[in-house]
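Reading the structure
What follows is each chain in one-letter form.
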Number of protein chains: 2
Amino acid sequence: MDIQTKFSDKVKDLEASAIREIFKLLGKPGVISFAGGAPDPELFPCEELAKAAFNVLKDQGKIALQYGVTEGYAPLRDWVKNRLVSQGIIKKDDNNETIIVSGGQQGIDLAAKSLLNPGDGVVCEQPSFIGGLNCFRSYNAEIYGVRNESDGLDMEELEELLKQHKNIKIVYTIATFQNPSGITMSLEKRRKLLELADKYDFIIFEDNPYGELGFSGETVPTIKSMDKNDRVVYLGSFSKILSPGIRVGFTSCHRDLMERMIICKQVQDVHTNVVAQMIIYEYISNNSIDEHIKKLRAAYGEKCRFMCECMDKFFPKCVTHTHPDGGLFLFCDMPEGYDAKEIMAKAVERGVAFVPGSTTMIDDKAVCSSFRMNYSTASKAEIEKGIKILGDLLKEEVGE
Amino acid sequence: MDIQTKFSDKVKDLEASAIREIFKLLGKPGVISFAGGAPDPELFPCEELAKAAFNVLKDQGKIALQYGVTEGYAPLRDWVKNRLVSQGIIKKDDNNETIIVSGGQQGIDLAAKSLLNPGDGVVCEQPSFIGGLNCFRSYNAEIYGVRNESDGLDMEELEELLKQHKNIKIVYTIATFQNPSGITMSLEKRRKLLELADKYDFIIFEDNPYGELGFSGETVPTIKSMDKNDRVVYLGSFSKILSPGIRVGFTSCHRDLMERMIICKQVQDVHTNVVAQMIIYEYISNNSIDEHIKKLRAAYGEKCRFMCECMDKFFPKCVTHTHPDGGLFLFCDMPEGYDAKEIMAKAVERGVAFVPGSTTMIDDKAVCSSFRMNYSTASKAEIEKGIKILGDLLKEEVGE
């Protein structure tokens, strides 16, 4: 049978995540990887979660192991709602509904499936998160990129696009400590984005997995917190503050849209793993998640500062980098014309890996002189060693 | 904002699972429910799974809590592959790829998304599983029903449809101990179905969550085991043999189709919960899953026989029922014209619930005189009491 002829238009030309392909290059032992996007496993509260899991399955196994409701395990759902209210992100009695999803990615997918017809337009930050880009591609959306400036989306470029393209239904933003750039959108731009949403009638996806990982403690208010007309689909997750492997996230949006998303979730995975939801609920009932998050902030903040220092010391001056105030990533720019993909291949040979910026661009085939660096998983010694190797290579390839 | 105008064509007319709506009627305390589709929670190996979870998180937490690969946790994936090979379902070195998914439902969804354009045809058994039907609806497929006879799909009706409708891309079947009917497709019909698949060039989804739950120990070979041209997408799950709440299933199909499905899974939930996969792997490494399944078979077989006996004793003669040889369900037919939905409402008032057959039909608005009965969760005392109440009601409503 010629299976190739059977594929749907949506998926026949999709490509596997280029980042995954890069990971295959990393089989070489001893490679220092700044390519990942994962939290530091040394900081997982394994003991506490082991106890939580044991208690849940021993005492409430008949609930944990049985089918659950699509909206999520009620005590965890209530906890999330209350937390979002206490953080000012949603209001107690508004038009929003909050549900538990199988990781933040599922929230993007359910909202995209509920809203996108083939050819509908989605605006993404340039660069953006590959999981978001690929999701919109998988519904045959037309994706438009808008430059992410040091204070977030270029609002003039965005409005120009909105005037030109009447098909734009969604603007997707990781407004706080963005992946891959580490950039945070300013308060003024957040307000402007909501104004534009009203004027041009689009929906905002605010993907906020890193929002709690601010190094200074101060964060700009979420877009959702200023969302008077229920235009924002807010996407949150336990992945970066507790564990990504356990696949539990949450999402909050207008209840009518959420009703569609819940039906999509029913046909997608029925409900999120109850065992996982109850383990998390047991953990947060017996431990302070805020104390845990404080530890993460301190650790990632220190590593980020250290990586910036090493870059300033070892990188050629013509290679610049962002200065994130939170999250897991920073983004480097070589002078235009250099191909980060080619340099990445050479770097891997010398024992260092990163993510070429092309994989975070809408046109992922074009030559791209930027690259993403993750600082959360390597040790400080590895950061110093890896940045030195990379700096030497960049000096050879790009010049001082 | 008028959010209603924003919904995609795919989902704007979808309705929530009618079975879920029925569950809302069941709030009344003391209702004996034959409406569920869940395994008996008394049979969950809670202690063993509690120990497994504790060990996994304590000793291997850094792996379990970290991001995993989309294809699944390698040791569990290998275990599943080897089991499918030893059961004769796949061959050791064939064109198939096997991956772990977040429950059997996700396998249906990923394959549907990878294959279906709007308007493509899907043939389903009539009655069929609502999760399958709703999934195909969510991709705007055209769904055709074929009568499920006591030995499976009516092959003449199917071929007639295939001649008439050139858009048919998929035939979806729960060939063994079907949900909702309990019917098993005969070996002859399985061979015929594969013949037709070659002749009319379609793909078969063989959804087999109940295959291991045969009461007599004998089962008809799976369609996948006779699949010479890689036309079968095989869908399996731990939901009915271990736990549905833990959301771990598996699927096996042509590697090129699987490649598409893996990309869809990346944008859907990145990967299946690693904690859950490792708990299952730890459990099956230290316990005999086959001994556990033997217990389930014996328990469900006894309850099924007992429910049939009670029906034969208390139901009017004009209400007939299937005689499943495995699985969790049997299906009852009243004489034509009676509306199982109306009778269900009256039954709930008397303290008994079941699933009206209309929810399992392609046209779920038409009057349907059939209903689904689940025997796995009620106790024998509840079965006797509930069937007696239902029998009295049916005698009043339908006559002797």
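Predicted, not measured: the structure shown is a model, and the values here were computed from it.

1. Points about the overall build of chain A
For chain A, the count of helices and strands is 12 helices and 14 strands. The C-alpha atoms of chain A give a radius of gyration of 21 Å, which matches the 21 Å a tight globule of 400 residues would have. In chain A, which comprises 400 residues, the proportion classed as buried is 64%. Counting only contacts in chain A whose residues sit at least 6 apart along the sequence, the fraction spanning at least 24 positions is 75%. When the accessible surface of chain A is summed, it comes to about 14,400 Å², and 49% of that surface belongs to carbon and sulfur atoms. In chain A, which carries 49 positive and 59 negative side-chain charges, the distance between the mean positions of the two groups comes to 3 Å.

2. Some remarks on the interface of chain A and chain B
Across the contact, 84 residues belong to chain A and 85 residues belong to chain B. Roughly 7,100 Å² is buried in total at the junction of chain A and chain B, and carbon and sulfur atoms are behind 59% of that figure. Considering only the surface of chain A that becomes buried against chain B, Met1, Lys6 and Leu65 of chain A emerge as the three largest contributors, covering 11% of it. Remark: the boundary between chain A and chain B carries 6 salt bridges. The interface formed by chain A and chain B includes 44 residue pairs in polar contact (both at pLDDT 80 or more). Breaking the side of chain A that touches chain B down by element, the ones donating at least two residues are α2 (46–64), α4 (104–115), α5 (130–137), α8 (255–269) and α9 (274–286) of chain A. Of all the elements, α2 of chain A adds the most residues to the side of chain A that touches chain B, at 12 residues. Tallied by class, the residues present in the side of chain A that touches chain B amount to 35 nonpolar, 25 polar and 24 charged.

3. Notes on the relation of the copies chain A and chain B
Of the transformation placing chain A onto chain B, the axial shift is 0.0 Å and the rotation is 180 degrees, giving an RMSD of 0.0 Å. With respect to symmetry, the two chain copies, as superposed, fit the operation of a two-fold axis. The C-alpha atom lying nearest the rotation axis in chain A is that of Phe54 of chain A; the distance is 2.7 Å. Looking at chain A, 100% of its interface residues are interface residues in chain B too, so the copies touch through the same face.

4. Quick notes on the sheet that holds strand β7 (residues 203–207) of chain A
All names here are of chain A. What the 8 strands build is an open sheet, ordered β2-β9-β8-β7-β6-β3-β4-β5; its pairing is mixed. The sheet is open, and its two borders are formed by β2 (96–101) and β5 (152–153), each paired with just one other strand. Here strand β4 (residues 142–149) runs beside β5; their pairing, made up of 2 bridges, is antiparallel. Residue pairing in the sheet places Asn148 in a bridge with Leu153 of β5. In this fold helix α6 (residues 155–164) packs onto β3 (121–126), β4, β5 and β6 (168–173), with an angle of close to 160 degrees to the strand it touches most, β4. Docked against the sheet, helix α7 (residues 187–200) engages β4, β5, β6, β7 and β8 (232–237), running at close to 145 degrees with respect to β7.

5. Some details on unusual backbone geometry
In this chain, Gln126 of chain A is followed by Pro127 of chain A through a cis amide linkage whose omega measures 5 degrees. Positive phi, close to 55 degrees, is recorded for Asp230 of chain A, a residue that is not glycine. Relative to the helices and strands, Asp230 of chain A is located in the loop between β7 and β8. At Val270 of chain B, a residue that is not glycine, the phi angle is positive and equals roughly 65 degrees.

6. Comments concerning the pattern of salt bridges
All names here are of chain A. Tallied over the entire structure, the rule returns 56 salt bridges over all chains. Where Arg147 meets Glu149, a salt bridge forms, and the shortest distance between an N and an O atom there is 3.1 Å. Residues participating in the shared-partner salt-bridge network are Arg147, Glu149, Asp151, Asp154 and Lys189.

7. Focus: the sheet that holds strand β5 (residues 152–153) of chain B
Residue and element names in this part refer to chain B. A sheet is described by the order of its strands in space; here 8 strands give the open sequence β2-β9-β8-β7-β6-β3-β4-β5, paired in mixed fashion. Either end of the sheet is taken by a strand with one partner, and the two such strands are β2 (96–101) and β5. Pairing of strand β3 (residues 121–126) with strand β4 (residues 142–149), which is carried by 6 bridges, proceeds in the parallel orientation. What sits directly across from Glu125, in β4, is Val146. On top of the sheet, helix α3 (residues 74–86) reaches β2, β8 (232–237) and β9 (249–254); it is set at about 130 degrees to β2, its chief contact.

8. Considerations on the packing of α8 of chain A against helix α4 (residues 104–115) of chain B
Relative to each other, α8 of chain A and α4 of chain B sit at 105 degrees, their axes nearing to 5 Å. As far as their axial angle goes, α4 of chain B and α8 of chain A are roughly perpendicular. Each of Gln266, Val267, Gln268 and Asp269 of chain A in α8 of chain A lies in contact with α4 of chain B, whose residues at this interface are Gln105, Gln106 and Asp109 of chain B. Considered class by class, the residues forming the contact of α8 of chain A with α4 of chain B number 1 nonpolar, 4 polar and 2 charged.

9. Describing the pairing of strand β14 (residues 370–374) of chain B
Consecutive residues of a regular strand have side chains that alternate between opposite faces of the sheet. Residues and elements named next belong to chain B. Taking burial as the measure, the 5 residues of β14 include 5 buried ones, the bulk of the element. With burial as the criterion, each face of β14 is covered, one bearing Ser370, Arg372 and Asn374 and the other bearing Phe371 and Met373. Pairing of strand β11 (residues 329–333) with β14 involves 5 bridges; the strand directions are antiparallel. In the sheet register, Phe329 faces β14, and the bridge partner there is Asn374. Relative to β14, strand β13 (residues 355–356) runs antiparallel, the two being bridged by 2 bridges. Bridged to Val355 within β14 is Arg372.

10. Overview of helix α8 (residues 255–269) of chain B
All names here are of chain B. Taking 1.5 Å of rise per residue, 15 residues should cover 21 Å, and α8 covers 20 Å from first to last C-alpha, within 8% of that figure. Taking burial as the measure, the 15 residues of α8 include 12 buried ones, the bulk of the element. Among the residues of α8, those classed as buried are Leu257, Met258, Arg260, Met261, Ile262, Ile263, Cys264, Lys265, Gln266, Val267, Gln268 and Asp269. Where α8 ends, the next residue or the one after it, Val270, has phi of about 65 degrees, a positive value.

11. Points about α4 of chain B
For α4 of chain B, which comprises 12 residues, the first-to-last C-alpha distance of 17 Å matches the rise-based estimate of 16 Å (1.5 Å per residue) to within 8%. Buried within α4 of chain B are the following residues: Gly104, Gln105, Gln106, Gly107, Ile108, Asp109, Leu110, Ala111, Ala112, Lys113, Ser114 and Leu115 of chain B.

12. Quick word on the side chain of Lys6 of chain B
Relative to the helices and strands, Lys6 of chain B is located in the segment before α1 (18–25). Among the polar contacts listed, one links the side chain of Lys6 of chain B to the side chain of Asp201 of chain A, at a separation of 2.8 Å. Ignoring anything within four residues of it in the chain, the contact list for Lys6 of chain B reads Ser114, Leu115, Lys169, Asp201 and Ile203 of chain A together with Met1 of chain B.

13. A short note on the packing of helix α10 (residues 289–314) of chain A against helix α12 (residues 380–398) of chain A
Residues and elements named next belong to chain A. Viewed as axis vectors pointing N to C, α10 and α12 meet at an angle of 30 degrees, and their least axial separation amounts to 9 Å. Considered as vectors, α10 and α12 are oriented roughly parallel to each other. Along this stretch, α10 crosses α12, giving a crossing that reads as right-handed. Residues Glu302, Lys303, Phe306, Met307, Cys310, Met311, Lys313 and Phe314 of α10 form the contact with α12, whose participating residues are Lys380, Ile383, Glu384, Ile387, Lys388, Gly391 and Lys395. Within the contact of α10 with α12, the residues separate by chemical class into 7 nonpolar, 1 polar and 7 charged.

14. Quick notes on the environment of Asp78 of chain A
Positionally, Asp78 of chain A belongs in helix α3 (residues 74–86). Distance in space between the C-alpha atoms of Asp78 of chain A and Tyr210 of chain A is 21 Å, their sequence separation being 132 residues.

15. Observations regarding the packing of aromatic side chains
Across all of its chains, the model carries 17 aromatic pairs over all chains by this definition. Consider the rings of Phe136 of chain B and Tyr172 of chain B, whose centres lie 5.3 Å apart with planes at 70 degrees: the pair is edge-to-face. Note that Phe136 of chain B is positioned in helix α5 (residues 130–137) and Tyr172 of chain B in strand β6 (residues 168–173), a separation of 36 residues in sequence. The two residues Phe136 of chain B and Tyr172 of chain B agree in class, both being buried. Ring-pair connections join several aromatic residues into one group, and the members of that group are Trp79, Phe238 and Phe250 of chain A. The lysine or arginine in question, Lys380 of chain A, covers the ring of Phe306 of chain A, its NZ or CZ lying 5.0 Å from the ring centre.

Analysis parameters
Residues numbered from 1 in each chain as written. Chains lettered and ligands numbered in written order. Predicted model: local features only at pLDDT ≥ 70, side-chain atom pairs only at ≥ 80, totals over all residues. Heavy atoms only, no water. Helix = DSSP H or I, 4+ residues; strand = E, 2+ residues; numbered from the N terminus. Rg over C-alpha atoms; globule rule 2.2 N^0.38 Å. Buried < 20%, exposed > 50% of the residue type's maximum accessible area, 1.4 Å probe, protein only. Contact = heavy atoms within 4.5 Å. Areas by Shrake-Rupley, 256 points an atom, 1.4 Å probe, with all protein chains shown as cover. Lys, Arg positive; Asp, Glu negative; His and termini not counted. Charge placed at Lys NZ, Arg CZ, Asp CG, Glu CD. Buried area = accessible area lost by both parts, 1.4 Å probe. Salt bridge = Lys/Arg side-chain N within 4 Å of Asp/Glu carboxyl O. Polar contact = N/O pair within 3.5 Å; in protein donor to acceptor, adjacent residues only side chain to side chain. Nonpolar A, V, L, I, M, F, W, Y, C, P; charged D, E, K, R; others polar. Least-squares fit on C-alpha atoms with pLDDT ≥ 70 in both. Pairing = 2+ DSSP bridges. Axes fitted to C-alpha atoms, helices over the stretch in contact; angles between N-to-C directions. Parallel < 35°, antiparallel > 145°, perpendicular 65-115°, else oblique. Expected span 1.5 Å × (residues − 1). Left-handed = near helix turned anticlockwise from the far one by under 90°. Phe/Tyr/Trp six-rings, centres within 6.5 Å; stacked < 30°, edge-to-face > 60°. Lys NZ or Arg CZ within 6 Å of the ring centre and 35° of its normal.

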